[in-house]
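# Topology and contacts: notes
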Amino acid sequence: MSVTETSTPVPGEGREHGLWSSVWEALRGSHQDFTTGNLNRSILLLAIPMVLEMVLESLFAVVDVFWVGRLGADAVATVGITETLLSLVFAIGIGLALSTTAMVARRIGEKDPEDAAISAVQAIVLGVMVSVVLGIPAGIFAPKLLQLMGASPAIVATGSGYARIALGGCGAILMLFLNNAIFRGAGDASIAMRLLWVSNIINLVLDPCLIFGLGPFPHLGVTGAAAATCIGRTIGVLVQFALLLRGTERIHVLRRHLRLNLEVLWRLLRLSFAGILQFAISNTSWIGLVRVVSLFGGAAVAGYTVAIRIVIFFILPSWGLSNAAATLVGQNLGAGRPDRAEQAVWRTGLYNLIFLGTLGILFFVFATPVVKLFVSDPAVVPIAALALRTFSCGNIGYAYVMVILQAFNGAGDTMTPTIVNFFGFWVLMLPLAWLLAVPLHFGEQGAFLAFVFSQLVIAAASVLLFRRGRWKRVRI
């Protein structure tokens, strides 16, 4: 993308910026007003730290599995089952974060830092309330939850301590999500990125120390992995609070803001409910798709799992671009510039299309070598390669789905993506997956094709709904 595109001169934007100077500014933290000036550069300054933030968030689970894998199958199973239970927490955290980003971005775009700070405080209050409601019972009944998930007595005995800390400390996950959503909405994307660096470095250091009892640290086994992650995230949250109270250039929480505002709190709740439902619908649909694939044996499930994890990991930059679009939409709507908000979405979607299109071609051509980097089972490799090739054919649609649905969320219209997800995944994808796989005898490939077709339909519906422009008139 060009970062030297000409635009209307504004204060502080009277000179051209080279690509590398813009990249460095994105990492350091930008002072640009994202409602004016060069739009390409605004996308770049927001997207780079948001992409890195997504990669860093994924590192928590990767690091835990890396070290826990040395403790045996029961320990790895503990992490896997607990992560499945935590998916509900992630869905709630993402839903709360969506509404928080939208509301803070709108207030910042309106040049109203006072109300932005008030919105931030209400989001924190809401996050604390949800953390208490979820965390206390989850921590107390963690062993029972493992049993309900089908864990063997050996896994329950090994993993109860891990599950108690991971589930009981879920508030750290929620607050890390929410506070970073505040910074993203304000346009301080680099701060959100650096805070995850802090949390991850602490986790990287503490994981082996607490798992294996290195030096003065206690030997906690798999429980040490949960403790290290919880400590890393908690310290990150404390640093977030300190930065909000100290203030950044874009947002500053003062003592007078530390009070309940029931009107703002209710608006956040209303937006968050649709956001939580939105991600719950999409996440649970994957369970249904796996159920269809499981009809064709363990190798089919393993192949699907490998392929979808490769796809999810490699499209992390797309999530960063989509989050950048959400922030730009929120801020520019607040500034009374809906045309610039719309232009930001189409342009970000184009960049995402170029990225995912290129990635799709590479995956289609080199599917088998890519899959063999992750699995060597001769029964699984061909199915995983078939799944990866098939999924790659949907990248064109997925590129716009991600950006446009996040743009709706950034505008505060969390209901439209929820409805689109419901019809696209539950009404279209799952019945079609079963129809193609079983009655029409396509086997597991039928489920893969249903996923691609549903993504293309969701993309077309999203584009049509976005063009209608109702999102421009949403008040939050």
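A brief look at the structure comes next. Owing to the predicted nature of the structure, the values given are computational and were not obtained by experimental measurement. (Residues numbered from 1 in each chain as written. Predicted model: local features only at pLDDT ≥ 70, side-chain atom pairs only at ≥ 80, totals over all residues. Heavy atoms only, no water.)

## A look at the packing of helix α13 (residues 338-365) against helix α18 (residues 444-468)
Where we set the bar: Helix axes use the C-alpha atoms of the stretch in contact, all axes being lines fitted to C-alpha atoms, and the angles between their N-to-C directions lie in the range 0 to 180 degrees. In this description a helix means any DSSP run of H or I spanning at least four residues, a strand means any run of E spanning at least two, and both kinds are numbered starting from the N terminus. Here is the rule for angles: anything less than 35 degrees is roughly parallel, anything more than 145 is roughly antiparallel, 65 through 115 is roughly perpendicular, and the remaining ranges are oblique. Should the near helix be turned anticlockwise from the far one by less than a right angle, the crossing is left-handed, and should it be turned clockwise, the crossing is right-handed. Any two residues whose heavy atoms approach within 4.5 Å at even a single point are treated as in contact. Just so you know the grouping, Ala, Val, Leu, Ile, Met, Phe, Trp, Tyr, Cys and Pro go in nonpolar, Asp, Glu, Lys and Arg go in charged, and all remaining residues, Gly too, go in polar.
It is at 12 Å that the axes of α13 and α18 come closest, and there the two elements cross at 160°. With respect to each other, α13 and α18 are oriented roughly antiparallel. The chirality of how α13 crosses α18 is left-handed. Taking contact as the criterion, the partners of Glu342, Val345 and Trp346 in α13 are, on α18, Val463, Phe466 and Arg467. Grouping the constituent residues of the contact of α13 with α18 by class yields four nonpolar, no polar and two charged.

## Some points on the packing of aromatic side chains
Aromatic ring pairs are defined here through the distance separating the ring centres and the angle between the ring planes. Quick reminder of the rule: Two rings belonging to Phe, Tyr or Trp (six-membered ring only in the last case) form a pair when the distance between their centres is within 6.5 Å. Interplanar angles under 30 degrees mark stacking, angles over 60 mark edge-to-face geometry, and anything in between is tilted. Each residue gets one of three labels from its accessible area relative to the maximum for its type: buried under 20%, exposed over 50%, partly exposed in between, using a 1.4 Å probe on protein chains only.
One pass over the full model with this rule turns up eleven aromatic pairs. Ring centres of Trp346 and Phe466 lie 5.3 Å apart, and the angle between their planes is 90°; this geometry places the pair in the edge-to-face category. Of the two residues, Trp346 sits in helix α13 while Phe466 sits in helix α18, which places them 120 residues apart along the sequence. What makes Trp346 partly exposed here is its relative accessible area of 23%. Using a relative accessible area of 1% as the deciding quantity, one classes Phe466 as buried. Cluster of aromatic residues (ring-pair linked, three or more members): Tyr304, Phe391, Phe448 and Phe451.

## Brief notes about the pattern of salt bridges
Formally: One speaks of a salt bridge when a side-chain nitrogen belonging to Lys or Arg is within 4 Å of a carboxyl oxygen belonging to Asp or Glu.
This model, assessed by the stated rule, comprises nine salt bridges. One salt bridge connects Asp188 with Arg250, and the closest N-O pair in it is separated by 3.4 Å. With Asp188 in the loop between α7 (170-186) and α8 (189-212) and Arg250 in the loop between α9 (222-246) and α10 (262-293), this pair connects stretches of sequence that are 62 residues apart. With respect to burial, Asp188 and Arg250 carry one shared label: buried. Of the charged contacts in the structure, one is a salt bridge between Glu342 and Lys472, with a shortest N-O distance of 2.6 Å. With Glu342 in helix α13 and Lys472 in the segment after α18, the pair connects residues that are 130 residues apart, well separated along the chain.

## Section: helix α3 (residues 73-109)
Under the convention used in this document: What a helix should span is 1.5 Å times the count of its residues minus one. Working definition for bend: take the seven residues up to and ending at a residue and the seven starting at it, fit an axis to each, and measure the angle between the axes.
Taking 1.5 Å as the rise per residue, α3 with 37 residues should run 54 Å; its terminal C-alpha atoms sit 51 Å apart, in good agreement. If you look at α3, its biggest bend is around 35°, right at Leu85. Counting buried positions along α3 yields 27 of 37 residues, so the element is predominantly enclosed. Immediately downstream of α3, the backbone of Lys111 shows phi near 60°, a positive value.

## Examining helix α11 (residues 298-314)
At 3.6 residues per turn, the α-helix brings residues three or four places apart onto the same side. Between its terminal C-alpha atoms α11 stretches 24 Å, which fits the 24 Å expected from 17 residues at 1.5 Å a residue. All buried positions along α11 are accounted for by Ala300, Gly303, Tyr304, Val306, Ala307, Ile308, Ile310 and Val311. Summarising the contacts, the buried residues of α11 are in contact with α10, α13, α14 (367-372), α15 (381-392) and α18.

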